[in-house]
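Architecture at a glance
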Amino acid sequence: MNLLASLSPVYAEIFLLVMVSAILIADLFIANHTKTLTYLLVQLSLLGCSLITVATHQDGIAHLFNHMFVDDMMSDVLKLLVYLSVSMMLVYSRSYLLMRGLFTGEFMALALFATLGMMVMISASNFLTLYLGLELLALSQYAMVALQRDSAVATEAAMKYFILGAMASGFLLYGMSMLYGATGSLDVNRISQVIQHGAPNKTLLVFGLVFIVSGLAFKLGAVPFHMWVPDVYNGAPTAMTMFIGTAPKLAAFAFVMRILVEGMQPLMIDWSGMLMILAVLSMAVGNITAIAQTNIKRMFAYSTIAHMGFLLIGVLSGTIEGYGSSMFYAVVYVLMSLGGFGMIMLLSREGFEADNLNDFKGLNQRSPWLAFMMLLLMFSMAGVPPTVGFYAKFSVLNAAIQTGHITLVVMAVLFSLIGAFYYLRIVKLMYFDTPESHEKINIQPDSSLLISINGLAVLALGILPGTLMTVCAVSVQQSLLH
Amino acid sequence: MIFGYPLLSVVIWLPIIFGLLVLATGNDRNAHLARVIALVGAVLSFLVTLPLYTGFDRMTSAMQFVVREDWITRFNIHYHLGVDGISVLFVLLNSFFTPLVVIAGWKVIEKRVAQYMAAFLIMSGLVNGVFASLDAILFYVFWEAMLIPMFIIIGVWGGPNRVYAAVKFFLFTLLGSLLMLVALLYLHQQSGGSFEILDFHRMAMPSLSAQIFVFIAFFMAFSVKVPMFPVHTWLPDAHVEAPTGGSVVLAAIMLKVGAYGFIRFSMPIVPDASHYLAPVMIALSLIAVVYIGLVALTQADMKKLVAYSSISHMGFVTLGFFIFNPYGMEGALLQMISHGFVAGALFLCIGVLYDRVHSRQIVDYGGVANKMPVFAAFFMLFAMSNSGLPGTSGFVGEFMVIMGAVKVNFWYAFAAASTLIFGAAYTLWMYKRVIFGAVANDHVAHLHDIGTREKIVFAVLAVSVLAMGLYPLPFADIMHASVNDLLVHLATPKVLN
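Keep in mind it's a predicted model, so treat the numbers as computed, not measured. (Residues numbered from 1 in each chain as written. Chains lettered and ligands numbered in written order. Predicted model: local features only at pLDDT ≥ 70, side-chain atom pairs only at ≥ 80, totals over all residues. Heavy atoms only, no water.)

Things to note about the overall build of chain B
Along chain B, the regular secondary structure elements total 21 helices and two strands. A compact globule built from 497 residues should have a C-alpha radius of gyration of about 23 Å, and chain B, at 22 Å, falls within 12% of that. Each principal axis of the C-alpha distribution contributes one length, and for chain B these read about 70 × 55 × 40 Å. Taken across its 497 residues, chain B has 66% of its residues classed as buried. Of all intrachain contacts in chain B linking residues separated by at least 6 positions in sequence, the fraction that spans at least 24 positions is 80%. Carbon together with sulfur atoms contributes 68% to the accessible area of chain B, which is approximately 16,000 Å² in total. The distance from the centre of the 25 positive side-chain charges to the centre of the 23 negative ones in chain B is 7 Å. (Helix = DSSP H or I, 4+ residues; strand = E, 2+ residues; numbered from the N terminus. Rg over C-alpha atoms; globule rule 2.2 N^0.38 Å. Buried < 20%, exposed > 50% of the residue type's maximum accessible area, 1.4 Å probe, protein only. Contact = heavy atoms within 4.5 Å. Areas by Shrake-Rupley, 256 points an atom, 1.4 Å probe, with all protein chains shown as cover. Lys, Arg positive; Asp, Glu negative; His and termini not counted. Charge placed at Lys NZ, Arg CZ, Asp CG, Glu CD.)

In structure tokens form, the structure reads like this:
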């Protein structure tokens, strides 16, 4: 009994694992090709997870399994956002995948396994758990990208993703083993203590750090480790692209926090410099290359790279303020990305992918409401107020200014000006041009309702961003109080 | 909150709410309904601003009608509104123009009427927000948000090269704005965590080099909007391609926002840098006055001509600011208001011709007076005012700025006064070629004079232009205390040496 109560921080993970297994088995007996029942079960599991996470929330930091697992406010908030994002992704992609025959039980099970992986990553406080969560997420993602077996592009994307992902994992493991060699521990907090008070071999430590940062950059898709991003985003079916581009970024943020901030705060001076190079390169390459794209998924891929650069600015400021702003940035980015990819899927039809920029031509004449939602999303990505994207950039830049990184801020600002151009181009296509086809947009009630909520949320959070900002800042603060 | 309700909030949000209502009327089947709601909204929005004028205390330079609520507590950002004697005039000017723009677009705009009207109403609210904000981030939000409707207006209803113009407009302005954001964040850090503009005014900025950086960042934002000489190139493009209403709002309101930025931010926050860089600013202003005046002379396109004339007139405004004396400052502010009336009216005049002939080229006209006598009379008045005829509003501001400039340096005044010749030359020469002479071609022969709707718009503007020219006191009176305060502030160095 006592054991059961002490496990309360992992109830959500256990519940999800049980549910996925049950869904996998139950799905075998669901003959219906629309898989409505499976879908509902999946959504219910996510809802259940959120309820459990809320119910088991406790103040302070709880460690479990011999310090392998941590439950703090940051993990709870991030997990809730992951559930929300996965659930939204399922709503957006249901009809899209149904039309392509990909809405199978396996897809949903993989999505849930990936969710489980993210939860483990978010709550890990030991390199082993971190790696475990990361691989669970990554393997599910490789499989999801490869799900469309008869598409050569998707298979190629999956292959690339797998090979480069495996290499990144190798980097991470290599770095972790070096850190283990230097400090004698895999426990995040213990490593931090040893670095601070013990006398570990500095060379070995920094060498390990370089590998870890490279691995992280791979996973985040920061330049110069970004090569996989455009190909995978472009090749994968849009639903999978959406999955890769959204919730895992929250987990990746947690990953950065756990390893760099909690584990290696004393080495901040070292990793902050590395992140700065990554951030500037990402913003430069991402924003400039995005201009040349004609495929909107590819464009979003480069835009993601640029956004990750921005996100890193908050982390490299090295203040609690900065971490909080990065978390806010990640959350806002996920919200905007969901909307962006959701729009592509909404405009796609059976046998037609609306992934070319020209498919957005004259959208205002075909559907003013959808065009307006996309306008909000694009201006938000460009960081123009009164949308929430502005506050994301604002808080990150503010954190950087507070720590005196004025040159970096000016560069960030100039690159985001370049970035504004390609977001503006989509608005231009939607509003100023005439449509290429007058094919009626096949609007599904659930996903079009969701995109309205999504677009309006971008606006509403832009008008009243205070609460979400505070939640992010407070949760980061809470989790760093030792 | 003098009347027990937050007047300034109403002034900002009422047009926006009406804009959304108009948007809700949907597609062009309900075009008439959209027009009616837009007009009601615009007129109401103007009427609610009137208590700002009647209830304004002219004795004080303090902010009035203040509204202050917490907004984003984490960063100490407030929803803080208030107007002083300077900003109140621009809120009024802006709200005054919204109904005129709606009426001007009544018949002309036929596609996507609801979106057109809504864009103008929403923009009107946002511009009021810019002028009334006392919190730097609130200001920034309104400032940037205002770009979105203008971008759409130019891009959707504009001329053939509208996409290029809209994108250029947006990116030029965004570049400046982003650097301003960096400056605001820097000031936030220096002030110990405040975003209040008035705190920025009072805070110490001891190092001149830091002041200069802040000044340059602000300069990038505001000079693009004014626009000042080297960064003015977006304006003729935007004006030429924008629909009539868009040009009117651009000239009458948008340009003022940039100049307002100088007096609300640059000058009081970094007074020493302002003094230090004043020669540069004066030089750029004089280049705008003289060189752009000459450029205007060569234009074959009427809209382009008025656009260049706007740049030249705005050169007067920045000149007036940076000679740091009461004549210059008040003259510049009066010039801003007068230019709003006159440039707005001229763009409306060109719009009237364009609607009938579908050409903006001067050569396509000639002898219009024969067919449109009433129109020709109104056009004459506005053209005269544009060239600074005494008795019209155009004279007051220019005269005061020149008078202020004489006190500083005779040659400044000399160069500035050349506009009285160039301005008259390009405006009246255009007027002559378009209006006088024999009927030039079939298009002109088939012209019919302006109708009641257009007459009302022009009459309102004509009265304003004359009233301001003959009796400018009500305008000057209201800004007096605030201008004095600003000058005292400017005379107090923040750097001690």
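Additional details are given in the paragraphs that follow.
Regarding the overall build of chain A
Counting its secondary structure elements, chain A contains 21 helices and two strands. Relative to the compact-globule value of 23 Å for 482 residues, chain A shows a C-alpha radius of gyration of 21 Å, a close match. Seen through its principal axes, chain A has C-alpha atoms that stretch 70 × 55 × 40 Å. Counting contacts in chain A only where the partners sit at least 6 residues apart, residues at least 24 apart contribute 81% of the total. Per element, the accessible surface of chain A, about 16,100 Å² overall, is 69% carbon and sulfur.

Let's talk about the interface of chain A and chain B
Contacts between the two partners involve 39 residues from chain A, matched on the other side by 34 residues from chain B. Between chain A and chain B the total buried area reaches about 3,400 Å² when both faces are included, carbon and sulfur atoms providing 79% of it. Sorting the residues of chain A by area buried against chain B places Phe394(A), Leu417(A) and Phe432(A) first, and these three jointly supply 20% of that buried surface. On inspection of chain A and its partner chain B, the count reaches one salt bridge. We note a salt bridge from Arg74(B) to Glu321(A), for which the minimum N-O separation is 3.3 Å. Residue assignment for the side of chain A that touches chain B shows that the elements contributing at least two residues are α16 (363-366), α17 (368-382), α18 (388-402), α19 (406-432), α20 (445-463) and α21 (466-479) of chain A. Top element by residues in the side of chain A that touches chain B is α19(A). It accounts for 14 residues. Partitioned by chemical class, the residues of the side of chain A that touches chain B number 28 nonpolar, nine polar and two charged. (Buried area = accessible area lost by both parts, 1.4 Å probe. Salt bridge = Lys/Arg side-chain N within 4 Å of Asp/Glu carboxyl O. Nonpolar A, V, L, I, M, F, W, Y, C, P; charged D, E, K, R; others polar.)

Some thoughts on the packing of helix α5 (residues 136-145) of chain B against helix α6 (residues 147-157) of chain B
All names here are of chain B. Following both chains from N to C, one finds α5 and α6 inclined at 5°, their axes separated by 5 Å at the closest point. Judged by the angle between their axes, α5 and α6 are roughly parallel. In this structure, α5 contributes Trp143, Glu144 and Ala145 to the contact, and α6 contributes Leu147, Ile148 and Pro149. Considered class by class, the residues forming the contact of α5 with α6 number five nonpolar, no polar and one charged. (Axes fitted to C-alpha atoms, helices over the stretch in contact; angles between N-to-C directions. Parallel < 35°, antiparallel > 145°, perpendicular 65-115°, else oblique.)

Details of the nonpolar core
Judged by nonpolar contacts, the single largest core of 392 residues is most densely connected at Trp271(A), Phe321(B), Phe375(B) and Phe382(B). With sequence-adjacent residues up to four places away left out, Trp271(A) is seen in contact with Leu209(A), Val213(A), Leu260(A), Val261(A), Met264(A), Gln265(A), Val315(A), Leu316(A) and Tyr323(A). (Core = buried A, V, L, I, M, F, W, Y, C linked by side-chain atoms within 4.5 Å.)

Remarks on the pattern of salt bridges
Applying the stated criterion across every chain, the model contains 21 salt bridges over all chains. Here Lys79(A) ties to Glu13(A) by a salt bridge, and the two come within 2.8 Å at their closest N and O atoms. Of this pair, Lys79(A) sits in helix α4 (residues 73-99) while Glu13(A) sits in helix α2 (residues 11-28), placing them 66 residues apart in sequence. For the pair formed by Lys79(A) and Glu13(A), the shared burial category is buried. Between Glu454(B) and Arg453(B) there is a salt bridge, with its nearest N and O atoms 4.0 Å apart.

Considering unusual backbone geometry
Residues and elements named next belong to chain A. Here the bond from valine 223 into proline 224 is cis, since omega is 5°, no more than 30 degrees from zero. Tracing the chain through its elements places proline 224 in the loop between α9 (202-220) and α10 (228-235). Note that the residue after proline 385, namely proline 386, is joined by a cis bond; omega there is 5°. Within the secondary structure, proline 386 sits in the loop between α17 and α18.

Some details on the pairing of strand β2 (residues 77-83) of chain B
Two faces belong to every sheet, and in a regular strand the side chains alternate between them. Residue and element names in this part refer to chain B. Within β2, seven of the seven residues are buried, which leaves it mostly tucked inside the rest of the structure. Here β2 shows no split at all, with Ile77, Tyr79, Leu81 and Val83 on one side and His78, His80 and Gly82 on the other all buried. Between strand β1 (residues 64-72) and β2, which follow one another and run antiparallel, lie four residues, and asparagine 76 among them has a positive phi close to 60°. (Pairing = 2+ DSSP bridges.)

Concerning the confidence of the model for chain A
Per-chain confidence: chain A averages 89 in pLDDT, with 100% of residues scoring 70 or above. Across chain A, the element-wise mean pLDDT spans from 78 in helix α1 (residues 2-6) of chain A up to 93 in helix α6 (residues 127-145) of chain A. (pLDDT = per-residue confidence, 0-100.)

Things to note about the environment of Phe215(B)
Residue and element names in this part refer to chain B. Structurally, phenylalanine 215 is set in helix α9 (residues 208-225). Judged by its relative accessible area of 2%, phenylalanine 215 falls in the buried class. The spacing of phenylalanine 215 and serine 274 is 59 residues in sequence and 7.2 Å in space, taken between C-alpha atoms.

Looking at the side chain of Arg264(B)
Residue and element names in this part refer to chain B. Position of arginine 264 relative to the elements: it lies in helix α11 (residues 244-269). In this structure the side chain of arginine 264 is engaged in a polar contact, spanning 2.9 Å, whose partner is the side chain of aspartate 84. For arginine 264, the contacting residues outside a window of four places in its chain are Met63, Asp84, Ser87, Ile197 and His201. (Polar contact = N/O pair within 3.5 Å; in protein donor to acceptor, adjacent residues only side chain to side chain.)

Observations concerning the pairing of β1(B)
Examined bridge by bridge, β1(B) and β2(B) share six bridges and lie antiparallel to one another. Within β2(B), the residue paired with Ile72(B) across the bridge is Ile77(B).

A closer look at helix α3 (residues 87-104) of chain B
Helix length check: α3(B) (18 residues) gives 26 Å between terminal C-alpha atoms against 26 Å at 1.5 Å per residue, within 8%. Of all 18 residues in α3(B), 18 are buried; the element is thus mostly enclosed. (Expected span 1.5 Å × (residues − 1).)

Considering helix α12 (residues 247-264) of chain A
Residues and elements named next belong to chain A. If you check α12, its first and last C-alpha atoms are 25 Å apart, about what 18 residues at 1.5 Å a residue would give, namely 26 Å. The largest bend along α12 measures about 25° and falls at methionine 257. Of all 18 residues making up α12, 18 are buried, and the element is well covered by its neighbours. (Bend = angle between axes of the 7 residues up to and from the residue.)

Regarding the packing of aromatic side chains
How two aromatic rings sit relative to each other is given by the distance of their centres and the angle of their planes. Tallying each qualifying case throughout the model produces 59 aromatic pairs over all chains. When the centroid spacing of 4.7 Å and the interplanar angle of 80° are considered together, the rings of Tyr174(A) and Phe211(A) count as edge-to-face. With Tyr174(A) in helix α7 (residues 152-183) and Phe211(A) in helix α9, the pair connects residues that are 37 residues apart, well separated along the chain. Judged by its relative accessible area of 46%, Tyr174(A) falls in the partly exposed class. Ring geometry for Phe96(B) versus Phe341(B): centroids 5.5 Å apart, planes at 85°, classification edge-to-face. Placement of Phe96(B) in helix α3 and of Phe341(B) in helix α14 (residues 326-357) is noted, with a sequence separation of 245 residues between them. Phe341(B) carries the same exposure label as Phe96(B), and that label is buried. Each residue in the set Phe139(B), Trp143(B), Phe215(B), Phe218(B), Phe219(B), Phe222(B), Phe262(B), Phe265(B), Phe322(B) and Phe324(B) is aromatic and connected to the rest through ring pairs, giving one cluster. One cation-aromatic arrangement involves Arg94(A) over Tyr39(A); the distance from NZ or CZ to the ring centre is 4.7 Å. Here Arg349(A) stacks its cationic end above the ring of Phe352(A), 4.3 Å away from the centre of that ring. (Phe/Tyr/Trp six-rings, centres within 6.5 Å; stacked < 30°, edge-to-face > 60°. Lys NZ or Arg CZ within 6 Å of the ring centre and 35° of its normal.)

Quick notes on the confidence of the model for chain B
Mean pLDDT for chain B: 88, with 99% of residues reaching 70 or above. No element of chain B has a lower mean pLDDT than helix α19 (residues 442-445) of chain B, which averages 81, and none a higher one than α5(B), which averages 92.

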